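Okay, here's what each chain looks like letter by letter:
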Amino acid sequence: MNTRYEKENLSLVADWKTLERIFIRPEDDECRKTLVKYMEQILFGLHDFLKFNVGITEEISLKELTLGFQNTIINKNPEKKLADVISDIITVIAPRAVNVASPYFVGHMTAAIPFFMVHLKAITAALNQNVVKLETSKVLSVLERQILAKIHRLIFKESNEFYKRHVQSIDTSLGNFTTCGTTANLTALWVARNRFFSSRDKLDTDSNFRGIEQDGLIAAMHSYSLEKAVILVSERGHFSLKKAGGILGIGNKNVIPVGVDAKQKMDIKKLNGIIKDIKKNGKTGIISIVGIAGATETGTIDPLCDIADLCEEHSINFHVDAAWGGPVLLSEKYAHLLKGIENADSVTIDAHKQFYLPMTSGMIYFKNPCALDCISYHSNYVNRAGSVDLGIKSLEGSREAHSLILDSALKIMGSRGYALMIDHGIETAAQFAAEISKRELFELVTKPETNILTYRIAPPSLKNKISGSGLREKIKINRVIDEINITVQRKQREAGKSFVSRTRLKRKPGDKYGIVVLRSVIMNPMTDINILKEILDEQEKIFFSVFRRKKQ
Ligand SMILES: *Cc1c(COP(=O)(O)O)cnc(C)c1O
């Protein structure tokens, strides 16, 4: 025990005088200087403390870390001054966090952000607006509507008159900022569910069903003479869609996976077959079909035009989960990959992924400016009927003004600036795929359609054995290859210089078992082919040091 330290603590008291000092201005002059110094470091990218490695090291194990976080009692008196707390964060916490900004960190959808994002985030924190209502946000509610219309236009390309009419209309809504992609998807499917089970006049006249939002799922099923309701999405769908199935009361097993083709895209024939079967049975309602624009694991884009056609033919709601791929629309070169998205009823885009906003910010867009009416809520203290508050038609309550960050970022970089990063990701992923295919030890598993690809280490001796063997033997050899990939991925992560993630994928339709694959996501503009070659070199080295030695 450090007694000097404890004595110092005793000099800190929680009284009104100290509180006023802390609340109104940062303590004394010296403290102020320290704070400005730290603010400078923070604003310029936490340079000193996150520079060295990706930080997934096992230098400190999780177990060891947890030992330092066992205290479950809140102190009565202050322990430390503000400047000391910040200094602790910088010296103790930051080095043990993960350096997601490293160009060698290519395993996840979280990466470096432009440094000005930190300024913008600090400004929104300082303004502390709450866009749930006009009375706590004023111009920021108006600004939010404008940026929503800009992105809506990027997706749906409606006419000038359309945007003139809706950009600041208080009766309609083009979308919402949300906490993340999960709540954006939930909002979309909530709306789809309510629109499917609305109180439509086609119901028999003696039904007094007022819609599912009011009367609930059981009354809805009864009123529509249905036994279940489903959502269809490709096998590659994000798990947030299953959560939505649970929350919306239809059951997560009724978020039905549709098989994919060899390119990991939704198989339209299979989708068509499922729709036909459901329609034949007559007791199941299809709330929505979800197309993915940039699958989390493989980056692939479903055949959006074909799905849209089927949805139109059968009058089914069409949602596109473009949480990852949405910003590809900013690229003049690659926007065509998302063709068909303009026919969606709703579109999810994450702002904290390829719009490079700080954690966390998602968005949901609706083609029909009245779609959100079916989830509107009022109260007497905020969001009164007839008011213009953005919180009337959103899942979230209080919200930060993220629109200010996105709006500013688009002003600073323009759509071309974003497109440079998008193009770089897609083109670097293609170079990476070529490099993987060139190397004997590696096998490309999913070719990148955007900036995500999967591959695995597959030693030629084992690979050759697979091609000549029966199913059972194949499975056995793949298990061995799986273990190799799991080990190399873990050892590379522990070494702390670079990071790729891993997942399990079925590589072809009809495959019974998945294989372990390494997954890399190229979104950091500083990640180039040379860095990716180094990552492969390191994987080769780890493989030879662990497995070659064992065998010989
Ligand atoms: C990331 C992602 C989500 C979920 O987004 P969160 O922001 O993590 O909640 C949904 N769908 C896809 C395709 C994603 O990539």
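> Help me out: how do you make sense of the overall build of the protein chain in this one?
Scanning the protein chain from terminus to terminus reveals 17 helices and 11 strands. Relative to the 2.2 N^0.38 estimate, which gives 24 Å for 552 residues, the radius of gyration of the protein chain is 26 Å and therefore close to what a compact globule would have. For the protein chain, the spread of C-alpha atoms along the principal axes amounts to about 80 × 75 × 45 Å. By the burial criterion, 49% of the 552 residues in the protein chain qualify as buried. Accessible surface computed for the protein chain: about 28300 Å², of which carbon and sulfur atoms make up 55%. Averaging the positions of the 77 positive and the 63 negative side-chain charges in the protein chain gives two centres separated by 5 Å.

> Where do I start with the packing of aromatic side chains in this structure?
Each aromatic ring pair is described using two quantities: the centre-to-centre distance and the angle formed by the ring planes. Considering all chains together, one arrives at 11 aromatic pairs under this definition. With a centroid separation of 5.1 Å and 20° between ring planes, the pair formed by phenylalanine 105 and phenylalanine 499 is classed as stacked. Here phenylalanine 105, found in the loop between helix 5 (82–93) and helix 6 (116–127), pairs with phenylalanine 499, found in the loop between helix 16 (471–495) and strand 10 (501–505); they are 394 residues apart in sequence, far enough to count as distant. For phenylalanine 105, a relative accessible area of 6% translates into the label buried. Relative accessible area serves as the criterion here: at 7%, phenylalanine 499 is assigned to the buried category. When the ring of phenylalanine 442 is compared with that of tyrosine 455, the centres are 5.9 Å apart and the planes differ by 55°; the resulting orientation is tilted. Placement of phenylalanine 442 in strand 8 (residues 442–446) and of tyrosine 455 in strand 9 (residues 452–457) is noted, with a sequence separation of 13 residues between them. Grouping residues by exposure puts phenylalanine 442 and tyrosine 455 together as buried. Ring pairs connect the aromatic residues Phe196, Phe197, Phe209 and Tyr224, which therefore count as one cluster. Between the NZ or CZ atom of arginine 479 and the centre of the ring of tyrosine 513, over which it lies, the distance is 6.0 Å.

> Would you explain the domain arrangement of the protein chain in this entry?
The domain boundaries assigned to the protein chain delineate domain 1 (4–99), domain 2 (130–400) and domain 3 (420–551). Contact with domain 2, which involves 24 residues of that partner, is made by 20 residues of domain 3. Counting the surface domain 2 buries against domain 3, the share from its top three residues, Glu297, Trp324 and Tyr356, is 29%. At the boundary of domain 2 and domain 3, one finds two salt bridges. Between lysine 265 and glutamate 449 there is a salt bridge, and its shortest N-O distance comes to 2.8 Å. One can count 12 residue pairs in polar contact (both at pLDDT 80 or more) joining domain 2 with domain 3. For the side of domain 2 that touches domain 3, the residue count by class is 10 nonpolar, seven polar and seven charged.

> What exactly am I supposed to notice about a nonpolar patch on the surface here?
Nonpolar side chains collect at one region of the surface, where Phe69, Val85, Ile89, Val92 and Ile93 lie side by side and expose about 440 Å² of accessible area between them. Checked against the element boundaries, isoleucine 93 lands in helix 5.

> Can you help me understand the site of the ligand in this one?
Neighbouring the ligand are 15 residues; Gly181, Thr182, Asp321, Asp350 and Lys353 lie closest to it. In this structure, an oxygen atom belonging to the ligand sits 3.0 Å away from a side-chain N or O atom of histidine 352. With respect to the ligand, the side chain of lysine 353 contributes an N or O atom lying 2.9 Å from an oxygen atom. If the ligand stood free it would expose 380 Å²; the protein chains cover 89% of that surface. Each residue belonging to the shell around the ligand can be placed in one class, and the counts come to four nonpolar, eight polar and three charged.

> What's the story with helix 3 (residues 29–43) in this structure? I'm lost.
Owing to its 3.6 residues per turn, the α-helix aligns residues three or four sequence positions apart on the same side. End to end, helix 3 covers 21 Å across 15 residues, agreeing with the expected 21 Å (1.5 Å per residue, within 8%). Along helix 3, the positions that sit buried rather than exposed are Cys31, Leu35, Tyr38 and Leu43. Angularly, the buried residues of helix 3 cover 130° about the axis, an arc narrow enough to put them on a single face. More than 90 degrees from the buried face of helix 3, the exposed residues found are Asp29, Glu30, Lys33 and Val36. In this fold, the buried residues of helix 3 make contact with helix 5 and helix 6.

Rules behind the numbers
Residues numbered from 1 in each chain as written. Predicted model: local features only at pLDDT ≥ 70, side-chain atom pairs only at ≥ 80, totals over all residues. Heavy atoms only, no water. Helix = DSSP H or I, 4+ residues; strand = E, 2+ residues; numbered from the N terminus. Rg over C-alpha atoms; globule rule 2.2 N^0.38 Å. Buried < 20%, exposed > 50% of the residue type's maximum accessible area, 1.4 Å probe, protein only. Areas by Shrake-Rupley, 256 points an atom, 1.4 Å probe, with all protein chains shown as cover. Lys, Arg positive; Asp, Glu negative; His and termini not counted. Charge placed at Lys NZ, Arg CZ, Asp CG, Glu CD. Phe/Tyr/Trp six-rings, centres within 6.5 Å; stacked < 30°, edge-to-face > 60°. Lys NZ or Arg CZ within 6 Å of the ring centre and 35° of its normal. Domains from an automatic or database assignment. Contact = heavy atoms within 4.5 Å. Buried area = accessible area lost by both parts, 1.4 Å probe. Salt bridge = Lys/Arg side-chain N within 4 Å of Asp/Glu carboxyl O. Polar contact = N/O pair within 3.5 Å; in protein donor to acceptor, adjacent residues only side chain to side chain. Nonpolar A, V, L, I, M, F, W, Y, C, P; charged D, E, K, R; others polar. Patch = residues over 30% accessible without salt bridge, like charges linked within 9 Å, V, L, I, M, F, W, Y side chains within 5 Å. Near = heavy atom within 4 Å. Expected span 1.5 Å × (residues − 1). Arc of directions from axis to C-beta.

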